[in-house]
Amino acid sequence: MGLKDSGGLARSVLLDDLIPLVVEHVALTCSPKTVAPLALVSSVWLNPTRRVLYGNPRLHSYHSSYLLSRTLGDNPKLASYIRALELSPVTRLCESGRNCDCRNVSAMALSLAPIFRLENLQEIALGGDCAIRAEYYIRGFAKLKSLERLRVEGMQWYWSFEINRPVMASLRWTEGLAAKLPNLKTLELVNLDLNVAVLRAFKNRPPHLVNLIMDRVRITSGPLSHLAKDSWNNLKHLTVILTEFSDDYDLRSILRDARHSLETMKYFIKSNDTRQRSRPDIYGSVLAECTQLRDLQLSVPFDTPTMILLGERLKNLEVLKVYGNYDIQTEDWASAIAEGLFPRLKEMQLPIGHELRRLADWQWSSLRASAIRVACTTRNIDLQFGYLPS
């Protein structure tokens, strides 16, 4: 785009509308230290650069939390740029030394005030110290009506120097806490203890979750369905990863309420313990009612009749991945596919053991060994054999 100035010299003009795109591209490909100098180009570049630099601060130490709080205290207008926040400080020596203000408990509490007064947060991720009794930190935020995504992740091994023993991350979910998050759409809990208070009736609008992720969460009290009691009708994506099956995961109730909306379900039990108190349940009859499912991934035992039931009812399923389940033989899968079950299936993955067995057992006839491949090829289904993702 060439324009002529008063002297008749051609000069290049960068449209103001393109500046935010340039800044975002630099932010994606370079470090924040590279982005920051763009604010000095001209006043037109200042706001787009600030929006990128302050849009999603990641605070992994008390020192960085202290610095951000001090910056927001000096320039409150910067708070309007923050839409997402990752707050996961860990108790340890500050890189600036023992005399840093962030080591003073009183000063630290006061300096965190600007962070907890942020008004436009759409995403919050809590970790480190903030994942221990996380409900206190969540309540600490003054305004969370705009919050759409909440993630709480505990550390795999966390040692508390204050009480000199390991501490497990935890979250107590109560009616008051749920009412504070009326627009929450995604809840992701990782590696923590969950205490769910039995909810009676919401006085305020409850959260209608669209995406629920439970990864290595141990329920210490209450039913999982009370996270959003009677409000699962908008749930589209459900991920549950367990190290041990528990009846406290009352997925039957959630699946029943979400049967008209659920599109993706991942249900993995990563355990080598055969002495579990309860046999994992796939909830086949209820799962078969989730007719909008597009993606189903399972690592739980289920039998051939359940597979046939799902194949007949889940007519919209496009992706089916089964891990570690050898209750159903390869020939049964081949018959199901050949007979037209799962009519819209495009991608299928079976346990790697089926393929290893086929390769190792030379006594199998070639027809029997290749039946599943032939069935999938005939229907243009991409067939793979794999392990459960780590």
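Residues numbered from 1 in each chain as written. Predicted model: local features only at pLDDT ≥ 70, side-chain atom pairs only at ≥ 80, totals over all residues. Heavy atoms only, no water.

Q: Pulling in residues and values, what's your account of the packing of aromatic side chains?
A: Scanning the entire structure with this criterion turns up three aromatic pairs. On the basis of an interplanar angle of 55° and a centroid distance of 4.7 Å, the ring pair of Phe 116 and Phe 141 is categorised as tilted. Taken together, the positions of Phe 116 in helix 6 (residues 113-116) and Phe 141 in the loop between helix 7 (134-140) and strand 6 (149-153) put the pair 25 residues apart, joining distant regions of the chain. Neither residue differs from the other here; Phe 116 and Phe 141 are each classed as buried. (Phe/Tyr/Trp six-rings, centres within 6.5 Å; stacked < 30°, edge-to-face > 60°. Helix = DSSP H or I, 4+ residues; strand = E, 2+ residues; numbered from the N terminus. Buried < 20%, exposed > 50% of the residue type's maximum accessible area, 1.4 Å probe, protein only.)

Q: Could you give me a rundown of the packing of helix 12 (residues 330-338) against helix 15 (residues 371-378), with the residues and numbers involved?
A: Where helix 12 meets helix 15, the axes come as close as 8 Å, and the angle between the chain directions of the two elements is 20°. Classified by the interaxial angle, the pair formed by helix 12 and helix 15 is roughly parallel. Considering the relative orientation of helix 12 and helix 15, their crossing is left-handed. Taking contact as the criterion, the partners of Thr 330, Trp 333, Ala 334, Ile 337 and Ala 338 in helix 12 are, on helix 15, Ala 371, Ile 372, Ala 375 and Cys 376. The residue makeup of the contact of helix 12 with helix 15, split by class, is eight nonpolar, one polar and no charged. (Axes fitted to C-alpha atoms, helices over the stretch in contact; angles between N-to-C directions. Parallel < 35°, antiparallel > 145°, perpendicular 65-115°, else oblique. Left-handed = near helix turned anticlockwise from the far one by under 90°. Contact = heavy atoms within 4.5 Å. Nonpolar A, V, L, I, M, F, W, Y, C, P; charged D, E, K, R; others polar.)

Q: Would you mind going over the nonpolar core in detail, with residue names and values included?
A: With 93 residues, the main nonpolar core has Trp 173, Leu 194, Leu 227, Tyr 267, Leu 296 and Trp 333 as its most contacted residues. Per-element tally for this core: the top contributor is strand 10 (residues 186-196), with five residues. Those residues in contact with Leu 296 that sit more than four places away from it in its chain are Met 265, Leu 287, Leu 310, Leu 314, Leu 317, Val 319, Leu 320 and Lys 321. (Core = buried A, V, L, I, M, F, W, Y, C linked by side-chain atoms within 4.5 Å.)

Q: Residue-level account of the confidence of the model for the protein chain, with values.
A: Mean pLDDT over the protein chain works out to 80, with 73% of the residues at or above the 70 mark. In the model of the protein chain, strand 2 (residues 10-12) stands out as the element of lowest mean pLDDT, 41, in contrast to strand 6, which has the highest, 97. Counted against residues more than four places away or in other chains, residues 1-12, with its pLDDT under 50, gives 11 contacts. With pLDDT under 50 throughout, residues 358-369 is counted as low confidence; its partners more than four residues away or in other chains account for eight contacts. (pLDDT = per-residue confidence, 0-100.)

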